[in-house]
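Chains, contacts and geometry: an overview
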Amino acid sequence: MFRSNTPYPTDTVAVPGGHDLLFCVQLDDAKLNYFQQPQDIKESDFFKFLEKYGRHSFLAPSQVQPSFSAFYRAGDPILIYFDSSSVLSTLRQPVKMGASGLCVDGNPAGFLDSKSTSCTRIFANLSKSCVTDPALDAASYYRDFTVLKVPINDNIVQSMKVKVTAVAPPGAPHMKDNTCNDVVSEVIYEIEFSGTRGIQSVSVRFKVSNISENLGSSLQQHFTLHFWTRTLSHTLPRSGNPGYITGAPLLIANSGAMQHMSILRSEGDGSCSQFLRHTVQFGRNMRTGCKLSLSQILEESNCSYIQQKLYKAFQGMNRAEDLAITGSAHSTQAEEWTTILIQNCSVQAVNCTSCCMVPVTLEIQILWTKVGLLSNPQAQILGARYFYQCHPLKLLSTSRVPLTTVVTFTDMTEWPEPPRGQPQMHWKLPFDIFFPFKVALNLERSYRGDLAGYFLLILIMSSILCF
């Protein structure tokens, strides 16, 4: 028998005779009904219940509130708070489900879990969904709620709330000529955190598209979460001890703060990802390509400004200044680091007054060698260079620029001559296979001859002595 989820305890009562495992089931007994009947509220009790349950959201006295830790841990759901309804919820990152890849909106976003997801939405009535479906409206991803800095379920004060800032938010979706305009196709959250002090800021960017109303209208949406911090770590896991291990990430430093070398990474549509990047691994040549949108950058119409934006796109959020010589380098040991040589482009293009020389290709050239014992060589880096190849860009005429990153590793090892080994014994064997038998036969004949000579000498000496 299975015990139901009832608020009343279930016990087995022993009966005389020792048959304590037997029990009777009574049917239609009103006393055994464990569905609680609602209370009758009278006019005199109305204000008492209104004071107790009259808020937008309430918890029953017997309901246990969930407990949270003092700070977010990796993988914990990120809590959000709706001020208008006093409801505590979690930040969602939709994922696809099943072979069709349809969107499931209930997936919670995990703290420090930077990743991208994509899914598909199918609309039976696009004209209705265009104005009523919150998943298509950019406002539903940042408006009317705040993100909590640290997990907390009571006494939510204003200082614990972080407002979600929308960067160039689009308008609400609307129908025009059988087309739903300004539909959200991509959502990118950028979340800044600071250790146990929790989330410091949250910003969101959008990409919109238009959907034509036809039979089986669908939309593929992309959702990205990127976590970053201003306080970089001065220690990272080793990439070797002491030499680099093939496939381990390269260690770089900026003002003593260590991180992994990374390069541009493309999204599903070929555009450059703003947050996700590929990690450069020791000994493995790489080549990536993507297209960077310049629609907002070109509004400045300043060559130097455009150049800096493209350089920052190549370098990432934190510029690399030094490269670790070995995989176990310490940030405090200056002799274990080498400065990265950087060759930039000139500002103005030749023979083009309205053009700007912008970097379109970054070639990271790394020279390395093996040192130490021949039996256990250790890989270390000799030097590195960021070499930018530039191309003239005509202002106000290009909206997307293709960018390419190439990483090459060159082995500069000079192998010494192998040392002489120990002297070896060279055995010389006879060519005649009967040689051992001949030697034995000659020894037997020699022994017989010597025995006869000795016997003759004894006879001569005996005859002399007798006379």
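Here, every reference points to the structure presented above.
Residues numbered from 1 in each chain as written. Predicted model: local features only at pLDDT ≥ 70, side-chain atom pairs only at ≥ 80, totals over all residues. Heavy atoms only, no water.

What follows concerns the overall build of the protein chain. When its secondary structure is counted, the protein chain shows 4 helices and 22 strands. Expressed as a percentage of its 467 residues, the buried residues of the protein chain come to 34%. Excluding contacts between residues fewer than 6 apart, the proportion of contacts in the protein chain whose partners are at least 24 apart in sequence is 66%. (Helix = DSSP H or I, 4+ residues; strand = E, 2+ residues; numbered from the N terminus. Buried < 20%, exposed > 50% of the residue type's maximum accessible area, 1.4 Å probe, protein only. Contact = heavy atoms within 4.5 Å.)

Let us now look at the packing of aromatic side chains. Ring pairs (aromatic) are described by centroid distance and by the angle formed between their planes. All told, the structure shown has 12 aromatic pairs when counted by the stated rule. Ring geometry for Tyr 72 versus Phe 111: centroids 5.2 Å apart, planes at 25°, classification stacked. With Tyr 72 in the loop between helix H1 (46-53) and strand S1 (79-82) and Phe 111 in the loop between strand S4 (102-104) and strand S5 (115-123), this residue pair connects regions lying 39 residues apart in the sequence. The class of Phe 111 is buried, set by a relative accessible area of 2%. Ring centres of Phe 111 and Phe 227 lie 5.6 Å apart, and the angle between their planes is 75°; on these two criteria the pair is classed as edge-to-face. Linking Phe 111 in the loop between S4 and S5 with Phe 227 in strand S11 (residues 217-228), this pair joins segments that are 116 residues apart in sequence. (Phe/Tyr/Trp six-rings, centres within 6.5 Å; stacked < 30°, edge-to-face > 60°.)

For the coordinates displayed, the defined rule picks out 4 salt bridges. Arg 121 is paired through a salt bridge with Asp 105; the nearest N and O atoms lie 2.7 Å apart. Taken together, the residues Arg 121 in strand S5 and Asp 105 in the loop between S4 and S5 connect sequence positions 16 residues apart. Given a relative accessible area of 38%, Asp 105 falls into the partly exposed group. Salt-bridge contacts for Lys 115 lead to Asp 113; the nearest nitrogen and oxygen are separated by 3.6 Å. The partly exposed category is assigned to Lys 115, whose relative accessible area is 30%. (Salt bridge = Lys/Arg side-chain N within 4 Å of Asp/Glu carboxyl O.)

Turning to the nonpolar core, a few remarks are in order. Core analysis: the biggest nonpolar cluster contains 46 residues, and Leu 250 and Met 261 have the highest contact counts within it. Ranked by residue count, the leading element in this core is strand S20 (residues 355-371), at 7 residues. In contact with Met 261, not counting residues within four places along its chain, are Leu 250, Ile 252, His 278, Thr 279, Val 280, Leu 323, Ile 340, Ile 364 and Tyr 386. With 33 residues, the next largest nonpolar core counts Cys 103, Cys 119, Val 204 and Leu 225 among its residues. (Core = buried A, V, L, I, M, F, W, Y, C linked by side-chain atoms within 4.5 Å.)

Let's shift gears to the pairing of strand S12 (residues 251-254). Burial along S12 is two-sided: the face carrying Leu 251 and Ala 253 and the face carrying Ile 252 and Asn 254 are both buried. Where S12 meets strand S13 (residues 257-260), 4 bridges bridge the pair, whose relative direction is antiparallel. Its bridge partner being in S13, Leu 251 is matched across the sheet by His 260. Between the antiparallel neighbours S12 and S13 lie 2 residues, among them Ser 255 with a positive phi of about 60°. Two strands pair when backbone bridges link them, and S12 and strand S17 (residues 322-324) are joined in this way by 2 bridges, in the antiparallel orientation. Across the sheet, residue Ile 252 finds its bridge partner in S17, namely Leu 323. (Pairing = 2+ DSSP bridges.)

Reading across the sheet, the 5 strands line up as S16-S22-S20-S21-S19 and stay open at both edges, with mixed pairing between neighbours. Every other strand in the sheet has two partners, leaving strand S16 (286-293) and strand S19 (341-343) as the edge strands with one partner each. Pairwise comparison of adjacent strand axes, ignoring direction, gives a mean angle of 15° for this sheet. In terms of strand pairing, S16 meets strand S22 (residues 400-411) through 8 bridges, oriented antiparallel. Residue Met 286 lies in a different strand from S22, and its bridge partner there is Val 407. Here helix H3 (residues 303-315) sits on the sheet in contact with S16, S20, strand S21 (378-394) and S22, set at roughly 30° to S20. (Axes fitted to C-alpha atoms, helices over the stretch in contact; angles between N-to-C directions.)

Under the criterion given, the structure shown has 3 disulfides. The disulfide partner of Cys 272 is Cys 290, and the gap between their sulfur atoms is 2.0 Å. Here Cys 272 and Cys 290 share a disulfide; its torsion about the S-S bond, 90°, makes the bridge right-handed. With Cys 272 in the loop between strand S14 (262-263) and strand S15 (278-279) and Cys 290 in strand S16, this residue pair connects regions lying 18 residues apart in the sequence. (Disulfide = S-S within 2.5 Å.)

Taking 1.5 Å as the rise per residue, H3 with 13 residues should run 18 Å; its terminal C-alpha atoms sit 18 Å apart, in good agreement. For H3, the full list of buried residues reads Cys 303, Ile 306, Gln 307, Leu 310, Tyr 311, Ala 313, Phe 314 and Gln 315. Lining the buried residues of H3 we find S16, S20, S21 and S22. Immediately beyond the C-terminal end of H3, within one or two residues, lies Gly 316, with a positive phi of roughly 90°. (Expected span 1.5 Å × (residues − 1).)

Another aspect to go through is the environment of His 330. By secondary structure assignment, the location of His 330 is in the loop between S17 and strand S18 (337-339). Spatially, the C-alpha atoms of His 330 and Arg 238 are 9.5 Å apart, while their sequence positions differ by 92 residues. Once you skip the residues sitting within four places of it in the chain, His 330 turns out to touch Glu 336 and Trp 337.

Let us look at the side chain of Ser 328. By the element assignment, Ser 328 lies in the loop between S17 and S18. For Ser 328, the residues in contact, after removing those within four places along its chain, are Arg 238, Gly 240, Asn 241, Pro 242 and Glu 336.

A word on a nonpolar patch on the surface. Residues Leu 456, Leu 457, Ile 460, Met 461 and Ile 464 make up a contiguous nonpolar surface patch of roughly 500 Å² in combined accessible area. You can see Met 461 is positioned in helix H4 (residues 435-466). Met 461 sits in the partly exposed class, given a relative accessible area of 46%. (Patch = residues over 30% accessible without salt bridge, like charges linked within 9 Å, V, L, I, M, F, W, Y side chains within 5 Å. Areas by Shrake-Rupley, 256 points an atom, 1.4 Å probe, with all protein chains shown as cover.)

Following the sequence through the fold, Ser 239 ends up in the loop between S11 and S12. Residue class for Ser 239 comes out buried when judged on its relative accessible area of 1%. In this structure Ser 239 touches Tyr 244, Ile 245, Ala 248, Pro 249, Leu 251 and Gly 327, once residues within four positions along its chain are discounted.

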